[in-house]
Amino acid sequence: GAPQTREQDVTKTSVLFVCLGNICRSPVAEGVFRDLVAQAGLADRIEIDSAGTGDWHIGRGPDPRSCAVAARHGIDITGLRARQLCRADFARFRFIVAMDASNLADIRAVAPAGHSAEVRMLLDFVPGMEGRPVPDPYYGGPEDFEETYRLARLGCEALLETVRAALAVGAAAEA
Ligand code: 4NP
């Protein structure tokens with residue numbers, strides 16, 4: 001039948017990408033995932049955002065090196081603005097996706113008791129790359145930002161398959 005609005009609307013889901021500053025890695029991941037989701041025709045079914053565990057860059061746009069690497073791959077992330085992860089995010093997002101193990105620990109330190117978000121590292125979704133980080137490129141060079149992009153794309157492609165499966169299970173339950 002027609003999808004109905006309710007507390008757990010299984011026809012929709014949500015993904016929050018999290019790094020330290022929300023200016024280098026998570027904006028690239030957000031941009032890549034938005035692009036993949038739009039191409040899959042799922043933009044109206046998946047809410048997407050990014051945040052940082054730290055507060056230093058709140059309100060700023062992504063690092064120019066992140067904007068440049070995204071632009072080289074046809075993705076515009078210049079309109080994104082940094083914000084800090086907050087407790088409300090654990091109710092608002094189904095998947096909270098960290099870039100590295102340090103992010104993961106910081107996310108868990110903020111998480112309210114009993115929350116039901118799935119907190120994972122991005123590359124955990126890639127078979128054979130479980131536990132591997134998307135390394136912080138902040139003090140690196142352009143090649144490090146290219147690596148950020150490469151890993152973000154690998155992770156986001158795998159993440160989309162997981163999210164798609166969750167939506168498909170939801171759709172079956174609706175039928
Ligand atoms: P991000 O990179 O976590 O990928 O956004 C960083 C950005 C800023 C800082 C560290 C990492 N910082 O120390 O200001």
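Residues numbered from 1 in each chain as written. Predicted model: local features only at pLDDT ≥ 70, side-chain atom pairs only at ≥ 80, totals over all residues. Heavy atoms only, no water.

A.B. asks: Could you give an account of the overall build of the protein chain, naming the residues involved and the relevant values?
C.D. replies: Within the protein chain, the secondary structure is distributed over 5 helices and 4 strands. In the protein chain, the succession of helices and strands from N to C terminus is β-α-β-α-α-β-α-β-α. Computed over its C-alpha atoms, the radius of gyration of the protein chain comes to 16 Å, within 12% of the 16 Å expected for a compact globule of 175 residues. Principal-axis analysis of the C-alpha atoms places the extent of the protein chain at approximately 50 × 35 × 35 Å. Burial analysis of the protein chain (175 residues in total) assigns 47% to the buried set. Taking the intrachain contacts of the protein chain between residues at least 6 apart in sequence as the baseline, contacts between residues at least 24 apart amount to 72%. Only carbon and sulfur atoms are counted for the fraction: they give 53% of the accessible area of the protein chain, which is about 8,600 Å². Across the protein chain, the centroid of the 19 positively charged side chains sits 2 Å from that of the 24 negatively charged ones. (Helix = DSSP H or I, 4+ residues; strand = E, 2+ residues; numbered from the N terminus. Rg over C-alpha atoms; globule rule 2.2 N^0.38 Å. Buried < 20%, exposed > 50% of the residue type's maximum accessible area, 1.4 Å probe, protein only. Contact = heavy atoms within 4.5 Å. Areas by Shrake-Rupley, 256 points an atom, 1.4 Å probe, with all protein chains shown as cover. Lys, Arg positive; Asp, Glu negative; His and termini not counted. Charge placed at Lys NZ, Arg CZ, Asp CG, Glu CD.)

A.B. asks: An account of helix 2 (residues 64-72) is requested, with residue identities and associated values reported.
C.D. replies: Considered for burial, the residues of helix 2 that qualify are S66, C67, V69 and A70. Along the axis of helix 2, the buried residues cluster in a sector spanning 170 degrees; they form a single face. Facing away from the buried surface of helix 2 by more than 90 degrees, the exposed residues are P64, A71 and R72. (Arc of directions from axis to C-beta.)

A.B. asks: An account of the pattern of salt bridges is needed here, citing residue identities and associated values.
C.D. replies: Enumeration over the complete set of coordinates arrives at 13 salt bridges. Between R25 and D100 there is a salt bridge; the shortest N-O distance is 2.9 Å. Of this pair, R25 sits in helix 1 (residues 25-39) while D100 sits in the loop between strand 3 (95-98) and helix 4 (101-110); the two residues are 75 residues apart in sequence, bridging distant segments of the chain. Both residues of the pair, R25 and D100, count as buried. Residues E161 and R164 are paired through a salt bridge, measuring 3.6 Å at the closest nitrogen-oxygen approach. A residue pair is termed a helical-turn pair when its members lie 3 or 4 positions apart in one helix, as E161 and R164 do in helix 5 (residues 142-174) at 3 residues. One salt-bridge network, in which partners are shared between bridges, spans E47, D49, R83, D89 and R92. (Salt bridge = Lys/Arg side-chain N within 4 Å of Asp/Glu carboxyl O.)

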